Amino acid sequence: MITVENLTKRYGPHPAVDDVSFQCEPGTVTGFLGPNGAGKSTTMRMICGLTAPTAGRATVSGHPYRELPNPGREVGVLLDASAQHAGRTGREALTLSAYTMGLDRREVAAKLDLVGLNAVAAKRRVRAYSLGMRQRLGLAHALLGDPRVLILDEPANGLDPEGIFWMRGLLRDFADRGGTVLLSSHLLREVEAVADRLVVIGGGRIVAQGDKNELLAGGGTVVRARDVAALRRALDAAGLAAADSSEGLLVQADAETVGQAAADAGVALAELRPAGGGGLEQLFLTLTAGESTKEAVR
Amino acid sequence: MTTTTAPAAGAVAPRQHTPVRRPSLLRLTAVETRKLVDTRAGRWLLITIGLVTAAIVTLQLIYAKDADQTFLNFFVPSLLPVSVLLPVLGILSITSEWSQRTALTTYALVPRRERVVAAKLTAVSLTALASVLTSLAVAAAGTLVASATGGAGTWQLDGSLILNAAILQVTSVLMGAAFGLLLLNPPLAIVGYLLLPTLWGVLGEMVRPLRGPAGWLDTSRTMEPLFSSDALTGEQWGRIAVSLLVWMVLPLAAGLFRTLRREVS
């Protein structure tokens, strides 16, 4: 369980995070979405007590992070896979943390095994690791203390498609067993497959949040028939407003309602489908487009 | 894929565990001591300190007059180079967390940062004490060789000198750590540590009005009596205390304040 209440962080007059509130419930995966520089990492660092908020508060399992007696046993944190001592071996990095948390040495081998770092890789220095291997080491580190909560910043970065697929399975499973997962990404498609809930942030403010299916279904339903006029009459009769679109008629109702209305009027449909998350995707594209123009200017 | 995800399933299940206790300072000190030796840089720094001690004794065995080849004369000269190298250990112990960005992991696991700092200061102090034991052991070996090869080989050594040596090495490493805490950047802290007291020493020699204060503030001068086995006078202790207040206690306090508040990213 993660609770974020009115978190705000200002650097000078510029707010990096502005009045952000959301909750992550046990048993769910929350996707924290936003373009680079939107405030995702700053928010996550504030949750983990690494950055002091200007205002607001965050708790993990009911406590401010800094008051957790042994945080690694409660929350698994992966904020930056590259933040490891280049001169230590992967095994040594985990061993230090395992000892700090008071864990059995065997946990290190078990978690290395779990993330697919074999004995050879574990003995190599982190300097020689690819980004994908560092992400796997970071995940092993986050899972080390068998926490109930996971906070992961862009964990899919550098993983190959097979690795991303594997990680989704791992996180889904973690949540299905009652764990709480907060993971960030700047790619909507990347978290869509695993998240139950989405929190979208842009320019430091939350621009949308809620159940993933509701957010993605926000675009309505596209419906097409050979006899467009008959379809319009059918929708009118059912009290459904229809707008023209390049793909057919766009109706602000779910597919079942639209299909029933057409069937009641005896209109044969050529196509009936959700409008494909138009709202959220459009919103996200707007956010990202703004950012890429900024980057181009820079 | 199922073969890799299926065994994973049980292993990542969030477990219900009994209330966990925070890691003890003893545990944290053990972790910080381990961090001093688990990288090549740290290990070689410690090996270098040992080698310097051995080299100095060897050189004396070759070049010193037979009558001067005593336990005391093997022990004292090894203290100075070690007291120069130990602060680097103190600096790196603190600053590598920031330069290697492991602070992100360290302070996520132990959010009470002052506990980590206390553990680091204890770990480097213990290392400094170990360096005194190494100096003693190497000097003892030198004395044995000397008595076998015609040197004086006398064993006389006052207990007060060992105490002085321990104070010298522990304060040296802590001064380094204090600069590390204050500056949080390895090159800056090393240069600052080596340059500032030296600069002060040079100024104290050159600028007449500074000569008085330098006698109280230049650590190379205030700490000098520690290299002898004579009991220190009250004023000598006073000078040591004042210089350490400026070069160790103040940077430690300011550095701790800075470390506690700094954003980790």
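Looking up chain B in an unreviewed UniProt entry gives the name ABC transporter permease, with the organism given as Micromonospora orduensis.

If you check an unreviewed UniProt entry, chain A appears there as ATP-binding cassette domain-containing protein from Micromonospora orduensis. Database annotation for chain A, UniProt heading Sequence similarities (unreviewed entry): "Belongs to the ABC transporter superfamily."

(A) How the structure looks around the layout of surface pockets. Taken as a whole, the largest pocket holds about 460 Å³ of empty space. Contributing to the lining of the largest pocket are 20 residues, with B:Leu80, B:Val84, B:Tyr193, B:Thr219 and B:Ser220 lying nearest its centre. When contributions to the lining of the largest pocket are tallied by element, the ones reaching two or more residues are helix 4 (71-99), helix 7 (159-183), helix 8 (186-206) and helix 10 (219-222) of chain B. Considering each element in turn, the lining of the largest pocket owes the most residues, seven residues, to helix 8 of chain B. In terms of residue class, the lining of the largest pocket is built from 10 nonpolar, six polar and four charged. Looking at the second largest pocket, its volume works out to about 330 Å³. Forming the boundary of the second largest pocket are 20 residues, of which A:His85, B:Thr39, B:Ala41, B:Gly42 and B:Ser96 lie nearest the centre.

(B) Examining the UniProt feature "transmembrane region" (unreviewed entry) in chain B more closely. UniProt annotation of "transmembrane region" (unreviewed entry) refers to residues 44-63, 75-95, 116-141, 161-183, 190-207 and 237-257 of chain B when read in the numbering used here. Secondary structure over residues 116-141 of chain B splits into 100% helix and 0% strand, and the C-alpha atoms at its two ends are 37 Å apart.

(C) Here's a closer look at the sheet that holds strand 5 (residues 75-78) of chain A. Residues and elements named next belong to chain A. If you walk across this open sheet you meet the six strands as 5-6-7-3-8-9, and the pairing is mixed. What marks the edges here is a single partner per strand, and that holds for strand 5 and strand 9 (205-211). Between one strand axis and the next, the sheet turns by 10° as a mean value, whatever way the strands run. Bridge count between strand 8 (residues 197-202) and strand 9: six bridges; the pairing is antiparallel. Across the sheet, Leu198 pairs through a bridge with Gly210, a residue of strand 9. Against the sheet, helix 1 (residues 40-47) makes contact with strand 3 (29-33), strand 6 (149-153), strand 7 (180-185) and strand 8, and its axis sits at roughly 150° relative to strand 7, the strand it touches most. The sheet contacts of helix 6 (residues 161-176) involve strand 3, strand 6 and strand 7, and relative to strand 7 the element is tilted by about 150°.

(D) Quick look at the packing of aromatic side chains. All names here are of chain B. Summed over the entire model, instances satisfying the criterion amount to five aromatic pairs over all chains. Arranged with centres 5.3 Å apart and planes meeting at 45°, the rings of Phe71 and Trp155 form a pair that is tilted. Of this pair, Phe71 sits in helix 4 while Trp155 sits in the loop between helix 6 (113-148) and helix 7; the two residues are 84 residues apart in sequence, bridging distant segments of the chain. A centroid spacing of 6.3 Å and a plane angle of 20° characterise the contact between Phe179 and Trp247, whose relative ring orientation is stacked. Note that Phe179 is positioned in helix 7 and Trp247 in helix 11 (residues 234-261), a separation of 68 residues in sequence. For Phe179, a relative accessible area of 5% translates into the label buried. Of note, Arg262 hangs over the ring of Trp98, and the distance from its end group to the ring centre comes to 4.6 Å.

Criteria and thresholds
Starting afresh in each chain, residues are numbered from 1 along the sequence in its written order. Chain letters start at A and ligand numbers start at 1, both assigned in the order the entries are written. Where local features are concerned, this predicted model is filtered to residues with pLDDT of at least 70; where side-chain atom pairs are given and counted, the filter is 80 or more; whole-chain, interface and lining totals use all residues. Hydrogens and waters are ignored; side-chain quantities use all the structure's heavy atoms. UniProt positions are given in the numbering used here, feature names are shortened, and annotations may be inferred rather than shown by experiment. Points on a 1 Å grid over protein atoms alone make up a cavity when a 1.4 Å probe fits among them but cannot get out, and a pocket when they form an open set with protein on both sides within 12 Å along at least five of seven lines; lining residues each have an atom within 4 Å of a point. Grid points are joined across faces, edges and corners, and a volume is the space filled by probe spheres set on the points. Helix numbers and strand numbers start at the N terminus; a helix is a DSSP run of H or I with at least 4 residues, a strand a run of E with at least 2. For this classification, the nonpolar set comprises Ala, Val, Leu, Ile, Met, Phe, Trp, Tyr, Cys and Pro, the charged set comprises Asp, Glu, Lys and Arg, and every other residue, Gly included, is treated as polar. Two strands qualify as a pair provided that DSSP identifies no fewer than 2 bridges between them. Where helices are involved, their axes are fitted lines through C-alpha atoms of the stretch in contact, as for all axes, and angles between N-to-C directions lie from 0 to 180°. Working rule for contacts: check all heavy atoms of both residues, and any pair within 4.5 Å makes them a contact. Between the rings of Phe, Tyr and Trp (Trp by its six-membered ring), a pair exists once the centres lie within 6.5 Å; its type follows the angle of the planes, with under 30 degrees stacked, over 60 edge-to-face, and the other angles tilted. For every residue, the accessible area obtained with a 1.4 Å probe (protein chains only) is divided by the maximum for its type, and the residue is called buried under 20%, exposed over 50%, and partly exposed between those limits. Two conditions define a charge sitting above a ring: the NZ of Lys or the CZ of Arg must be within 6 Å of the ring centre, and it must be within 35 degrees of the ring normal.

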